[in-house]
Amino acid sequence: MADYLKKFARILIEYSLKIKSKEKVIISGCVEAIPLIEQLYIQVLQKGAYPFLRLVPNNLGELFYQYAKKHHLLYLPEINLFEAKKADAVITIQSSTNTKALTSVNPEKPATYIKTMKPIKDIILKKGRWVLTLYPTQAYAQDAEMSLQEFTEFVYKALFVDKKDPVKAWYDLRDYQEKIIKRLKGADRIRILDDDTDLTLSVKNRIFINSCGLYNMPSGEIFTGPIETSANGYIKFSFPACNLGREIEGVYLEFKEGKVVKESATKNEQFLRTMLDMDKGARYPGEFAFGLNYGITKHIKNILFDEKIGGTIHLALGSSYKETGGKNKSALHWDFIKDLRKKGEVYVNDKLFMKKGKIIQ
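Here we summarise the structure given alongside this text. Remember, it's a predicted structure, so these values are computed and weren't measured experimentally.

**Thoughts on the pairing of strand β9 (residues 221-224)**
Going residue by residue along β9, you find Glu221 and Phe223 tucked away on one face and Ile222 and Thr224 tucked away on the opposite face as well. Sheet topology places strand β7 (residues 209-211) next to β9; 3 bridges connect them, and they run antiparallel. Opposite serine 211, over in β9, you have glutamate 221 as the bridge partner.

Structure below.
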């Protein structure tokens, strides 16, 4: 296990962030992730860089939303802004012990706080030296309906930690996805078809980005920002969309000229509606992507893994990534996944591009 943790840390330090001497590196996570944090701390020091630890108890969010006053939700801390501006790289580790802890929180509270903290998020995103990962806990294992040992093995395989040289494995995935992106050059009209889906959108003159483990670990997707007013039709998503401890099941969206004009869900529909009413941009798509990590085969109710399942596509409502050419602005960025492995199809410029989850060669 210790050897796996060393490999895990090496992937983040040497591949994702390429840490150099005297760089300032923030390592943020809950105390449950200490075994990984210790390895990261050691390897950052070995690189000659400066590690700054941000350790918090796992129930901090729960306590915040329980006791915070309105002015807390609207306060943008100057010290956090300063830290974001000065840091060279940021490592964020998810390690929840209760993924449902925020279920009873009024959704307006986190919606407000997310908008307040957006300037800090924007600073970190703009620098492009950040990575989000996950440390296995019992809570994630329960969501995935696995034992902790099974889930840990699942995570390590998704990260390629089980490979002799995991860094090389990530470079290999990068090269494969780059070939797919080249095939999409000149793409305009994309159509997603299934029994309960017929959605078209345009990616004309937009850029597909190779998500190969530099920002999300694990990764394995290519994504872009669709033309903001181009989505038309309807789509029903395959898996629960998890957000702030809630599972929103059976999500169905109808689009007209880019905007969600009708939404429904079989569970937590009002929460879905509250999030989509967060701001003007929340009802417009900010991302369209193909999941291409065929080492991830199971939905585990964690978007860090689920959106990369090989043979899926996902659509995010809310903010676009500027590097794609996307222009949509919102405090929201929420991914919804469509599984196409059984019978779904994707057409690009009216030519079959993906069938039953496989890219047509």
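**Description of unusual backbone geometry**
Cis peptide bonds are those with omega within 30 degrees of zero, and the linkage from methionine 217 to proline 218 qualifies with 15°. Along the chain, the position of proline 218 falls in the loop between β8 (216-217) and β9. The phi dihedral of glutamate 145 is positive, around 60°, even though this residue is not glycine. In this structure, glutamate 145 sits in the loop between α8 (138-143) and α9 (148-158). The class of glutamate 145 is exposed, set by a relative accessible area of 68%. One non-glycine residue, asparagine 349, adopts positive backbone phi at about 50°. When you line up the elements, asparagine 349 lands in the loop between β18 (345-348) and β19 (351-355).

**With respect to the sheet that holds strand β4 (residues 130-134)**
With parallel pairing, 5 strands are arranged side by side in an open sheet as β2-β1-β3-β4-β8. Across the chains shown, the open sheet's two edge strands, defined by having one partner strand only, are β2 (50-56) and β8.

**Some points on the environment of leucine 184**
With respect to the secondary-structure elements, leucine 184 resides in the loop between α10 (166-183) and β5 (189-194). Classification of leucine 184 by relative accessible area gives buried; the value is 5%. The sequence separation of leucine 184 and threonine 137 amounts to 47 residues, and the corresponding C-alpha distance is 38 Å. Dropping the residues within four chain positions of it, leucine 184 is found in contact with Phe208, Ile222, Phe290, Val348 and Phe353.

**Regarding the nonpolar core**
Leu184, Ile190, Leu253, Phe255, Phe290 and Trp334 are the most contacted members of the largest nonpolar core, which has 50 residues in total. Per element, the largest residue contribution to this core is 4 residues, and it comes from helix α11 (residues 269-276).

**Digging into the packing of aromatic side chains**
Applying the stated criterion across every chain, the model contains 19 aromatic pairs. On the basis of an interplanar angle of 90° and a centroid distance of 4.9 Å, the ring pair of tyrosine 15 and tyrosine 171 is categorised as edge-to-face. Of this pair, tyrosine 15 sits in helix α1 (residues 2-16) while tyrosine 171 sits in helix α10; the two residues are 156 residues apart in sequence, bridging distant segments of the chain. Given a relative accessible area of 1%, tyrosine 15 falls into the buried group. Its relative accessible area of 29% is what places tyrosine 171 among the partly exposed residues. Measuring from centroid to centroid gives 6.3 Å for tyrosine 140 and phenylalanine 151, while their planes differ by 35°, and the two rings are tilted. Taken as a pair, tyrosine 140 in helix α8 and phenylalanine 151 in helix α9 lie far apart in primary sequence, 11 residues in all.

**Some remarks on the sheet that holds strand β10 (residues 232-236)**
Judged by pairing direction, the sheet is antiparallel, and its 8 strands sit side by side in the order β14-β13-β10-β6-β5-β18-β19-β20 without closing on themselves. The sheet is open, and its two edges are formed by β14 (259-264) and β20 (358-359), each paired on a single side. Examined bridge by bridge, strand β13 (residues 252-256) and β14 share 5 bridges and lie antiparallel to one another. Bridge pairing links phenylalanine 255 to valine 260 in β14.

**Digging into the pattern of salt bridges**
Under the criterion given, the structure shown has 25 salt bridges. Glutamate 247 is paired through a salt bridge with lysine 100; the nearest N and O atoms lie 3.3 Å apart. In this pair, glutamate 247 is assigned in strand β12 (residues 246-248) and lysine 100 in the loop between β3 (89-94) and α6 (108-116), connecting sequence segments 147 residues apart. Residue lysine 100 is classed as partly exposed on the basis of its relative accessible area, which comes to 34%. The partner of arginine 273 in a salt bridge is glutamate 269, with the nearest N and O atoms 3.5 Å apart. With arginine 273 and glutamate 269 both in helix α11 and 4 residues apart, this pair spans about one turn of that helix. The exposure class assigned to glutamate 269 is partly exposed, which follows from its relative accessible area of 26%. The network of salt bridges with common partners includes Glu263, Glu269, Arg273, Asp277 and Arg283.

**Things to note about a nonpolar patch on the surface**
Residues Val31, Ile34, Tyr41, Leu45, Leu53 and Leu55 make up a contiguous nonpolar surface patch of roughly 460 Å² in combined accessible area. Elements with a contribution of two residues or more to the nonpolar patch: α2 (34-46) and β2. Take the nonpolar patch: its biggest share by element is 3 residues, from α2. Relative to the helices and strands, leucine 45 is located in helix α2. On the accessibility criterion, leucine 45 (44% relative accessible area) is partly exposed.

Quick notes on the rules
- Residues numbered from 1 in each chain as written.
- Predicted model: local features only at pLDDT ≥ 70, side-chain atom pairs only at ≥ 80, totals over all residues.
- Heavy atoms only, no water.
- Buried < 20%, exposed > 50% of the residue type's maximum accessible area, 1.4 Å probe, protein only.
- Helix = DSSP H or I, 4+ residues; strand = E, 2+ residues; numbered from the N terminus.
- Pairing = 2+ DSSP bridges.
- Contact = heavy atoms within 4.5 Å.
- Core = buried A, V, L, I, M, F, W, Y, C linked by side-chain atoms within 4.5 Å.
- Phe/Tyr/Trp six-rings, centres within 6.5 Å; stacked < 30°, edge-to-face > 60°.
- Salt bridge = Lys/Arg side-chain N within 4 Å of Asp/Glu carboxyl O.
- Patch = residues over 30% accessible without salt bridge, like charges linked within 9 Å, V, L, I, M, F, W, Y side chains within 5 Å.
- Areas by Shrake-Rupley, 256 points an atom, 1.4 Å probe, with all protein chains shown as cover.

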